[in-house]
Amino acid sequence: MDGESTLGHLLPPGSVYAFLAEHRRELFPDAMFADLFPSHLGRPSVPADVVATVLVLQALEGRSDREAAEALTFDLRWKAAAGLPVGAAGFHATVLTYWRRRLAVSTRPNRIFDAVREVVAATGVLSGKTRRVLDSTVLEDAVATQDTVTQLIASIRRVRREVPGAAEVIAALQRARL
């Protein structure tokens with residue numbers, strides 16, 4: 001049971017969720033992303049239309065990668081928009097960073113938002129609701145922010161493993177933060 005077929009009637013008409021549930025495959029066909037994965041040895045395990053849908057919703061709602069991955073798992077509107085089964089888990093947050101990196105170095109880094117912008121211009125759908133969704137700086141900034149956070153976490157974990165007594169100090173700081 002996918003979210004779209006079981007929940008589609010509950011999505012507010014004219015909402016970005018309903019729009020993406022109905023049109024994400026036409027908006028974000030696999031061929032649109034073929035240049036990101038030139039190897040014939042395999043493709044990403046998460047379909048392009050699902051990742052593109054999550055990136056649009058993430059930008060619209062201003063969520064971090066981790067929050068977007070959680071929304072895909074727990075928010076039924078996100079599941080319906082992405083066409084995931086109701087009981088399906090989302091994907092790991094690093095999938096978004098991985099895709100954004102590939103998009104950023106490609107010849108068409110704004111292709112996701114360009115596709116949405118074209119449909120909005122042609123149809124007027126989502127009129128008045130597109131400013132933030134279509135701003136690609138959200139994605140560009142997220143790459144740098146997520147990379148920095150990931151590097152900081154990895155460094156803290158390395159210090160905890162390798163510096164005598166660091167694990168206790170880090171644990172104490174975590175307890176104090178709670």
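Heads up: these notes are all about the structure in this document. Remember, it's a predicted structure, so these values are computed and weren't measured experimentally. Here, residues in each chain are numbered from 1, in the same order as that chain's written sequence. Restriction of local features to residues with pLDDT of at least 70 applies here, the model being predicted, together with a cutoff of 80 or more for giving and counting side-chain atom pairs; totals for whole chains, interfaces and linings are based on all residues. Hydrogens and water molecules were not included; the side-chain quantities draw on all heavy atoms of the structure.

**What to know about the side chain of Arg-24**
Part 1 of the argument: In this structure, Arg-24 sits in helix H2 (residues 16-27).
Part 2 of the argument: Judged by its relative accessible area of 1%, Arg-24 falls in the buried class.
Part 3 of the argument: Identification of polar contacts relies on pairs of N or O atoms within 3.5 Å, with a donor-acceptor requirement for protein atoms, meaning one able to donate a hydrogen and the other able to accept it, and with residues adjacent in sequence counted only if both atoms are side-chain atoms. A polar contact is formed between the side chain of Arg-24 and the side chain of Asp-49, at a distance of 3.0 Å.
Part 4 of the argument: At 3.2 Å, the side chain of Arg-24 forms a polar contact with the backbone oxygen of Ala-82. The way it works is that DSSP assigns letters per residue, a run of H or I at least four long becomes a helix, a run of E at least two long becomes a strand, and they are numbered from the N terminus. Under the scheme applied here, a residue whose accessible area is under 20% of the maximum for its type counts as buried, over 50% as exposed, and between as partly exposed, the area being computed with a 1.4 Å probe on protein chains only.

**Considering the nonpolar core**
Part 1 of the argument: What we call a nonpolar core is a set of buried Ala, Val, Leu, Ile, Met, Phe, Trp, Tyr and Cys residues that are connected through their side-chain atoms within 4.5 Å. Counting residues in each nonpolar core, the largest one holds 41 residues, and the members touching the most others are Leu-20, Phe-28, Phe-33 and Ile-112.
Part 2 of the argument: Sort the elements by how many residues they give to this core and helix H3 (residues 48-61) lands first, with 9 residues.
Part 3 of the argument: For Ile-112, the contacting residues outside a window of four places in its chain are Phe-28, Met-32, Phe-33, Ala-52, Leu-55, Val-56 and Leu-103. The criterion used for residue contact is that any of the two residues' heavy atoms lie within 4.5 Å.

**Topic: helix H4 (residues 65-74)**
Part 1 of the argument: Turning to H4, its buried residues are Asp-65, Ala-68, Ala-69, Ala-71 and Leu-72. Seen along its axis, H4 keeps its buried residues to an arc of 160°; they face one direction. The exposed residues of H4 that point more than 90 degrees off its buried face are Arg-66 and Phe-74. Arc definition: it is the arc formed by the directions from the helix axis to the C-beta atoms.

**Points about the packing of aromatic side chains**
Part 1 of the argument: In summary, the pairing rule links any two rings of Phe, Tyr or Trp, Trp by its six-membered ring, whose centres are within 6.5 Å, and it sorts them by plane angle into stacked for under 30 degrees, edge-to-face for over 60 and tilted for everything else. Scanning the model with the defined rule gives 3 aromatic pairs in all.
Part 2 of the argument: Seen from their ring centres, Phe-33 and Trp-99 are 5.7 Å apart, and the 75° between their planes marks the pair as edge-to-face. Of the two residues, Phe-33 sits in the loop between H2 and H3 while Trp-99 sits in helix H6 (residues 94-104), which places them 66 residues apart along the sequence.
Part 3 of the argument: Relative accessible area serves as the criterion here: at 2%, Phe-33 is assigned to the buried category.
Part 4 of the argument: When the centroid spacing of 6.1 Å and the interplanar angle of 35° are considered together, the rings of Phe-37 and Tyr-98 count as tilted. Of this pair, Phe-37 sits in the loop between H2 and H3 while Tyr-98 is found in helix H6, placing the two residues 61 residues apart along the sequence.
Part 5 of the argument: Residue classification places Phe-37 among the buried positions, given a relative accessible area of 7%.
Part 6 of the argument: Judged by relative accessible area, which is 36%, Tyr-98 ranks as partly exposed.
Part 7 of the argument: Members of the aromatic cluster, each reached through a chain of ring pairs, are Phe-33, Phe-37, Tyr-98 and Trp-99.

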